[in-house]
Structure formats: structure tokens, C-alpha cells
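Notes for the structure review
Listed here are the chains, written in short residue letters.
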Amino acid sequence: MSDKNDSLQEKLRALEAVFLAKLPSRLQEMDDALGLFLQEPENKEHLALLHRLLHTMAGSAGTFGFPEVGTQAREFEGRLKPLFNGETWAKTSLSQYAGDLRKYFADTIKTAENKPASIDSDEYADELGEGTRPRLIYLVDDDQALTEAITLQLEHFAYEVVRINALKQLAVAIASRKPDVVVIELGFPEGKMAGVEEIARIKKMSRLKFLTIFVSNTSSFESRLLAVRAGGDGYFTKPIDIVALTDRIDAVIGREEPKGYRVLVIDDDAVTSEYYGTVLRSAGMSVKLLNDPSQLLKVMTDFRPELLLLDVYMPMCNGIELAKIIRQDNSYLDVPIVFLSSERDLGKQLEAIQSGADDFLTKPIEADFLVSALSSRAERYRSLRSLIMRDGLTGLYNHTAIKEELGAEMSIASRNGGPMALAMLDLDNFKNVNDTYGHPVGDQVLRTLSRLLRQRLRRSDIVGRYGGEEFIVIFPDTSAAVARKVLDQIRIAFNKIQQHADQGDFSVSFSAGIADLEVTLDADELFDVADEALYRAKQGGRNRIELASVQTNRT
Ligand SMILES: Nc1nc2c(ncn2[C@@H]2O[C@H](COP(=O)(O)OP(=O)(O)OP(=O)(O)O)[C@@H](O)[C@H]2O)c(=O)[nH]1
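Residues numbered from 1 in each chain as written. Predicted model: local features only at pLDDT ≥ 70, side-chain atom pairs only at ≥ 80, totals over all residues. Heavy atoms only, no water.

**Comments concerning the packing of helix α3 (residues 67-84) against helix α4 (residues 91-113)**
- Here α3 crosses α4 at 165°, and the two axes come no closer than 11 Å. It follows from the interaxial angle that α3 and α4 lie roughly antiparallel. Taken as a pair, α3 and α4 cross one another with a handedness that is left-handed. Contact residues: V69, Q72, A73, F76, E77, R79 and L80 in α3; Q96, Y97, D100, L101, Y104 and T108 in α4.
- Counted by class, the contact of α3 with α4 contains seven nonpolar, three polar and three charged residues. (Axes fitted to C-alpha atoms, helices over the stretch in contact; angles between N-to-C directions. Helix = DSSP H or I, 4+ residues; strand = E, 2+ residues; numbered from the N terminus. Parallel < 35°, antiparallel > 145°, perpendicular 65-115°, else oblique. Left-handed = near helix turned anticlockwise from the far one by under 90°. Contact = heavy atoms within 4.5 Å. Nonpolar A, V, L, I, M, F, W, Y, C, P; charged D, E, K, R; others polar.)

**Points about the packing of aromatic side chains**
- For the coordinates displayed, the defined rule picks out ten aromatic pairs.
- On the basis of an interplanar angle of 80° and a centroid distance of 6.4 Å, the ring pair of F37 and W89 is categorised as edge-to-face. One end of the pair, F37, is in helix α1 (residues 3-39); the other, W89, is in the loop between α3 and α4, and 52 residues separate them in sequence.
- Taking the centre distance of 6.0 Å and the plane angle of 55° together, the rings of Y104 and F105 count as tilted.
- Joined through ring pairs, the aromatic side chains of F37, F76, W89, Y97, Y104 and F105 make up one cluster.
- Cation over ring: K203 sits above F210, and NZ or CZ is 5.0 Å from the ring centre.
- The ring centre of F527 lies 5.1 Å from the NZ or CZ of K403, which sits over that ring. (Phe/Tyr/Trp six-rings, centres within 6.5 Å; stacked < 30°, edge-to-face > 60°. Lys NZ or Arg CZ within 6 Å of the ring centre and 35° of its normal.)

**Notes on the pattern of salt bridges**
- For the structure on display, the rule yields 30 salt bridges.
- Its salt-bridge partner being D31, residue R102 comes within 3.3 Å of it at the nearest N-O pair. Residue R102 is found in helix α4, and its partner D31 is found in helix α1; the two are separated by 71 residues along the sequence.
- Judged by its relative accessible area of 25%, D31 is partly exposed.
- Measuring nitrogen to oxygen at the nearest pair gives 3.0 Å for the salt bridge that ties D435 to K431. Here the residue D435 and the residue K431 both occupy positions in helix α17 (residues 430-437), the gap between them amounting to four residues, near one helical turn. Each member of the pair D435 and K431 is classed as exposed.
- Among the charged side chains, a network of salt bridges with common partners joins E29, R52, E148 and R163. (Salt bridge = Lys/Arg side-chain N within 4 Å of Asp/Glu carboxyl O. Buried < 20%, exposed > 50% of the residue type's maximum accessible area, 1.4 Å probe, protein only.)

**With respect to the site of the ligand**
- What surrounds the ligand is a group of 16 residues, the closest being N429, F430, D443, R465 and R542.
- For the ligand, an oxygen atom lies 3.3 Å from a polar atom in the side chain of E469.
- R542 is positioned such that a nitrogen or oxygen atom in its side chain is 2.7 Å from an oxygen atom of the ligand.
- Its free accessible area being 670 Å², the ligand has 67% of it covered by the protein chains.
- Mapped by element, the contributors of at least two residues to the shell around the ligand are β11 (420-427), α17 and α18 (439-456). (Near = heavy atom within 4 Å. Polar contact = N/O pair within 3.5 Å; in protein donor to acceptor, adjacent residues only side chain to side chain. Areas by Shrake-Rupley, 256 points an atom, 1.4 Å probe, with all protein chains shown as cover.)

**Regarding the pairing of strand β9 (residues 337-341)**
- Within β9, five of the five residues are buried, which leaves it mostly tucked inside the rest of the structure.
- Side chains I337, F339 and S341 project from β9 onto one buried face, and the interleaved V338 and L340 project onto a second face that is buried too.
- When strand β8 (residues 307-310) meets β9, the two strands line up parallel, connected through three bridges. Counterpart to L310 in the pairing with β9 is F339.
- Regarding the hand of the β-α-β motif, the stretch spanning β8, helix α13 (residues 319-328) and β9 is right-handed.
- Crossover connection from β9 via helix α14 (residues 346-354) to parallel strand β10 (residues 359-362): handedness right-handed. (Pairing = 2+ DSSP bridges. Right-handed = clockwise from strand over helix to strand, strands pointing away.)

**Description of the confidence of the model for the chain**
- On average, residues of the chain score 85 in pLDDT, and 91% of them reach the 70 mark or higher.
- Taken together, the stretch residues 1-9 has pLDDT below 50 and engages in twelve contacts with residues farther than four places along the chain or on a different chain.
- The low-confidence segment residues 116-132 (pLDDT under 50) makes 34 contacts with residues lying over four places distant or belonging to another chain.
- Our summary of model confidence lists the complex with pTM equal to 0.58 and ipTM equal to 0.94. (pLDDT = per-residue confidence, 0-100.)

**Some details on the environment of V519**
- Mapping V519 onto the fold places it in the loop between β14 (510-516) and α20 (523-539).
- Classification of V519 by relative accessible area gives buried; the value is 10%.
- Remark: the alpha-carbon pair of V519 and A530, spanning eleven residues in sequence, is separated by 9.8 Å.

**Comments concerning the side chain of T212**
- Relative to the elements of secondary structure, T212 occurs in strand β4 (residues 211-216).
- The residues touching T212, leaving out its near neighbours within four places in the chain, are V182, I184, I199, K203, G232, D233 and G234.

**Here's the deal with the nonpolar core**
- The biggest cluster of nonpolar side chains holds 53 residues, and the ones touching the most others in it are I249, L425, L453 and L487.
- In this structure, this core is formed jointly by two domains, domain 2 (135-256) and domain 4 (399-554), each of which donates at least three residues.
- With residues near it in sequence (within four places) discarded, L453 still touches L425, V463, F471, V473, L487 and I490.
- Counting 29 residues, the second-largest nonpolar core is a separate cluster that includes L23, Y97, A98 and Y104. (Core = buried A, V, L, I, M, F, W, Y, C linked by side-chain atoms within 4.5 Å. Domains from an automatic or database assignment.)

**Some remarks on the sheet that holds β4**
- What the five strands build is an open sheet, ordered β2-β1-β3-β4-β5; its pairing is parallel. With partners counted over all chains shown, the strands left at the sheet margins are β2 (159-164) and β5 (234-237), one partner each. Neighbour-to-neighbour, the strand axes of this sheet turn through a mean angle of 20°, independent of strand direction.
- Relative to β5, β4 is paired through four bridges, and the arrangement is parallel. Bridge pairing in β5 links S216 to T237.

And the structure:
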């Protein structure tokens, strides 16, 4: 398979993984709906629920590589149609339908199980954006309509959502599959605080750790206090602001996860550097080992470390000299440099610090201590960089930073001779959104798009806010055609997201222009041609993506 196709294949396989991970709970949901329908075949609500679930399956299965599963769902959906027009089924027809449908569930599970090679999400996990690895959310509320509505919205952000409408089912669900987060209503028919009590009970009984976000109609101090005492990680009052809820879910999940600081370890001894590399990697850091100091500058540009761990004594040049070389470049004035050496001479240690290093650790060192000393330095560096480079509203790279990133990515691409695409996105008719719903709601739309981009794109893709309602995505190792396919899925998903405002719900679209290095190798020109393609997308009716072509550039 060519390199150009790799990126697309990865994306598709990742999406298949999301679909497959959700499949068992979807089938279970359909089975439950079938049960309700069989109990009361004349109940139109039960019929509508089963019909809707089949319809969704018919639409999605084919897209994710299961055309036969989709076709069959459509047939089952079609068989239900006459019931909406007043036809009734005899008992035999009912049991025939139920038997066929249950066989379809069983066959589908088997089909899914037989497709493991292309759906190993771990294989892609490192590459994926924050949200592409599906997070399992249990949404627990006895209000069925509400949980359905929230699920639909959360699924746009690539979460796997399991709805639980009866409180007593929660403990069983948690025991069989641990969720990342439980989002649960405080009150249930069992009692005003039954949700809180159940969470406290499950946590005590099972000793399982899971994150909990409470939702409620009330915002009283007492309920909030009870939620905190039950170990709640968040509290939302209804109606729930989905963007704020996803912000919270990501924040609490993020708190639990190791942060992948990029650490460059320079040591001429391959075995020693491998040892420290292993320690740091096991703490979730992304580590590059360099045994040949002459490669330093190239690695600094390509890997962009957030911390350097240096040995003092090396044959070609020593660590102190290396630190001085690094500090000669203004771009690396603030990147933390930590020495790790068996040198105990205080004079030598002082000399190292004077060369521009931030810390001097002595070997041997406890693994935990090393991880914690480096984490705090890297975290501080990241926070400071973030203040300089990030846009306050969306947390994305700002205008200056994205231009810097583009320069760096273009130099990597031209050195490797690989592809690279640049997309320029602009929200459609955004002035209307501000004018109709107000500026704060406009800000919420900007945050929704930034969140969706970060979640749906690979981790290696770079996203920035270029101006007011304009965004930039840099796709390393990707052609414009592939970038377009990926972005098109995001365009469709974004347009389906319901934005909330006091005046009512509404949706927004975006247009985009994409250019790649086939068109030009000049960064400014790449921006111009992508912008020109964006202009064509707007002229062509908006909510669409246009590619810049070589011809466009020449005219
Ligand atoms: N809420 C909010 N609005 C912003 C921000 N930055 C820019 N805008 C608004 O974005 C709108 C951009 O409007 P226009 O450039 O006229 O374009 P448009 O209405 O999106 O129309 P088309 O791009 O042609 O589809 C203006 O109303 C700006 O005030 C921001 O940070 N927050």
C-alpha cells in the first residue's frame, strides 16, 4: 500500500474500530426494543423505537465496512413499514419476525468477531486524536427521551455511549464492563438522591474506580455537597450544555491519563539511554534516544522535545557543551535541560547549571523520582508555551504558532519528500449566528468546532485558529485528496451537532479549501491557494470543501 493511502486507511480503520466497539451495545439496544415491541405490538412508540434503531444500523453499517449487515437491517426496517399504516400481525408473523431478527443479531456479532485484523484500535491509538479512541460513557437517567437526545449528540464527538434507564442495571453494567465515565441523574423513582446513593454504594462494594458526573434539575448546595461526597467529578444542571459536558468529560479523563511529554535523552551509552527511555515511556512519555550528539540540531527541529535529559560525559563533546549549543538558538532558550550524571563534584554541577541547564540529578536515581522531577519541569514548560502559543477561547494554536508549525512541517516534508496538506476552514454565515443568538453563543460554536477537530483528527495533525472564525489544519504525510475525505466526515458531523441557545436549537456548517505540496512548496503561497479554494467553496454554496489545483495556482 502506498504511503499516500496509509493515512486514509488508518482513519478508516479507526472509524471501523469505533463502530465495532459500539456494535454489541447497539445490538443489545435493538434486542431490548424488540422485546418491548413483542410485549405490546400495537404500541406505536415501541414500534417507532425499533424502526429507528434498524434505520440507524442500515445507514451506518455499510459505511464502516459491513455492507451486508446494513442491507439486512434495511430489510428488517422495510418489513415493519406496513405496521405504521395500520396493518396488524398475527402471532405467527410476530414470532417469525422476532426469530429472523434475533438470528441477524447473532450473525452480526459473529461477522464482527471475524474481522479482528483491521480493527485493532491499539495499533492506531498513538496516532489518533484525543477522542478517536472511543471512550465509554454510561448515561444513566430514567428519562428515555433525554438520554436518547444526549446520546445522539455525544456520539458526534466519537464517544461510545451506553444508555441505562433503570438505576438497578447500573451495578451489573459496571461489573461487566468498566466505563470511563458515568454520567448520572441524582434522582430516580427510587428516591430523590437515589443516583448519588447508588454511586456511593457501587464504589464502596466493588472498589472499582470510575469517574462520575452528576446531572440534576436542582442546583442546591445540599445536592452539590452530596455529589461531592459521593466522589463526583462534575455537576451539571439540566438542560445540559453538551459542549460543556464534553469539555468536562475530557478534562476528567485527561486528569487520569499520563501526559505524553516529549523527552529527548542524550547519552552515548545505548544501554543506559534505553533504560531511562523505558522508565520514562512506562510513565506515558514520548521518548527519543540520541546516542550521536552530532544529530542534535536535526532532532531538535523534528522531534521538538519538551525536555532534554543529558549525560555529562560523552566522547565526542560533553553535555555542558551540548547545553551551550542548544541555548545559542533563541527558539530553545526555555526548553528545560536536565543533567543526569554520576558526577558528585559540586563545582562540576555548578558549571553545568551555568551552561544553561535547569537541574542536575545524580545517578543512581529512583525511577519514580526521575519521572516526577522531569514531569514537573516538562509540565511547567508546556504551560508557559501554551500561554504564548494557544488561542484563549479554543485552546488551539494561535495565528503565529500555526505559521511556525507550518514552517516546521514543510521543512520535514521537503526533507523526506513526503506529502503534506493544508486546510483552511471558515464557518458559514457566522455573522448571522452572532447577530441572532449573541456573541457568547457564537463563542460556543467556535469551541464546538475546535473540539470536534481535535477529537476527530490524528494526534499528528496540527489544528489552529487562524483568525475570528477561520481555522487551519496541517495534515503531515497526507495528500490533499485524503485530507479532503477526512475533513468531509468532520464537516458532515459538525453540521449535525445541535447548538443550544435560548431562542432554540440550531446547526452551523463550515466551508474549507485544501492545498498540498503538489501545488506549491512555498508556505505563503500554500496559504493563498488554500484560501482561494475556500473562496470557491463559499461561492459554490458553502458547507463544502474545494481543492486547490496546480492550474489554479498558475492562473
Ligand atoms: N462569537 C464570536 N464571533 C467572532 C469571533 N471572531 C470573529 N467573529 C465574528 O465572525 C463573523 C464573521 O463574519 P463574516 O466575515 O461577515 O462572514 P460570515 O458571516 O461567516 O459569512 P461567510 O464566511 O461568507 O459564510 C463576524 O460577525 C465576527 O464578529 C469570536 O471570537 N467570537
